[in-house]
Amino acid sequence: MRLRNITGSREVIAASHYVVQEALQPDCPGTWKEIFGNDHPLHIEIGMGKGKFIHTMAKMHPEVNYVGIEKYSSVLLRAIQKMEQEELGNLKFLRMDAEDINKVFGPGEVDRIYLNFSDPWPKDRHAKRRLPSREFLARYDVVLKQEGKLEFKTDNRQLFDFAVAELEPAGWKAEIITYDLHGDSDLMEGNVMTEYEEKFSALGNPICKYVIYR
């Protein structure tokens, strides 16, 4: 059974207090300090999957607020189940399409953005749907603080080459670019792996990563 087809997942999400249900209301942007009840930095992961990465990050960094965004209900369900086993007060979830992030976060409200093993959308006509595309970089530019940064990891070399090529026309610069993250001991210090990263690196696939800024 594919995860996105689990019966009843939407109902579980609608009833979960880990999911910010009011996120798509017009007054949500700019209110995340009120939602968390503090003024800690705000980090978001777009396309969090089952939530291993962001749950681990939130546990390691209680001084940071985290929001995990996932489009597919049955995948988000796994992250909710993880939170039920180990609840963290600095982690919230959103079920939404990444195209709507400007409806949820206000200008300069986010300190850091994580993209991990995003859907490659391999057909050329779908390039605008890729999360590291210039179209999405323009959205991130609005919600990210001026000094904020974006981190992207993938094992898909074609997608990574596309992402790197998008930086200059989008007005972004690279602080770090590596085509073999796990071969760099300095970059691996503090690296938190996703489910996909564990799987693909175990198969010997090199992991690409960049850290970018404007």
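Structural data are supplied above this passage.
Residues numbered from 1 in each chain as written. Predicted model: local features only at pLDDT ≥ 70, side-chain atom pairs only at ≥ 80, totals over all residues. Heavy atoms only, no water.

## Overview of the pattern of salt bridges
A side chain with one charge may pair with a side chain of the opposite charge, provided their charged atoms come close.
Argument step 1. The tally for this structure, following the rule as stated, stands at 12 salt bridges.
Argument step 2. Among the salt bridges present, the one from R112 reaches E151, with a minimum N-O distance of 2.5 Å. In this pair, R112 sits in strand β4 (residues 110–116) while E151 sits in strand β5 (residues 144–154), placing the two residues 39 residues apart along the sequence.
Argument step 3. Residue classification places E151 among the buried positions, given a relative accessible area of 15%.
Argument step 4. With its nearest N and O atoms 2.7 Å apart, the salt bridge here joins R214 to D141. One end of the pair, R214, is in the segment after β7 (208–213); the other, D141, is in helix α6 (residues 134–143), with 73 residues separating them in the sequence.
Argument step 5. Connected through shared salt-bridge partners, R112, E151 and K209 make up one network. (Salt bridge = Lys/Arg side-chain N within 4 Å of Asp/Glu carboxyl O. Helix = DSSP H or I, 4+ residues; strand = E, 2+ residues; numbered from the N terminus. Buried < 20%, exposed > 50% of the residue type's maximum accessible area, 1.4 Å probe, protein only.)

## Looking at the side chain of T178
Argument step 1. Within the element layout of this structure, T178 appears in strand β6 (residues 173–178).
Argument step 2. Relative accessible area serves as the criterion here: at 10%, T178 is assigned to the buried category.
Argument step 3. With residues near it in sequence (within four places) discarded, T178 still touches F160, L187, I207, C208 and K209. (Contact = heavy atoms within 4.5 Å.)

## Some points on the environment of S118
Argument step 1. Summarising the element assignment, S118 is placed in the loop between β4 and α6.
Argument step 2. The spacing of S118 and T178 is 60 residues in sequence and 17 Å in space, taken between C-alpha atoms.
Argument step 3. If near-sequence neighbours (up to four positions away) are discounted, S118 is found in contact with L131, F152 and L159.

Keep in mind these numbers describe shape, not what the thing actually does.
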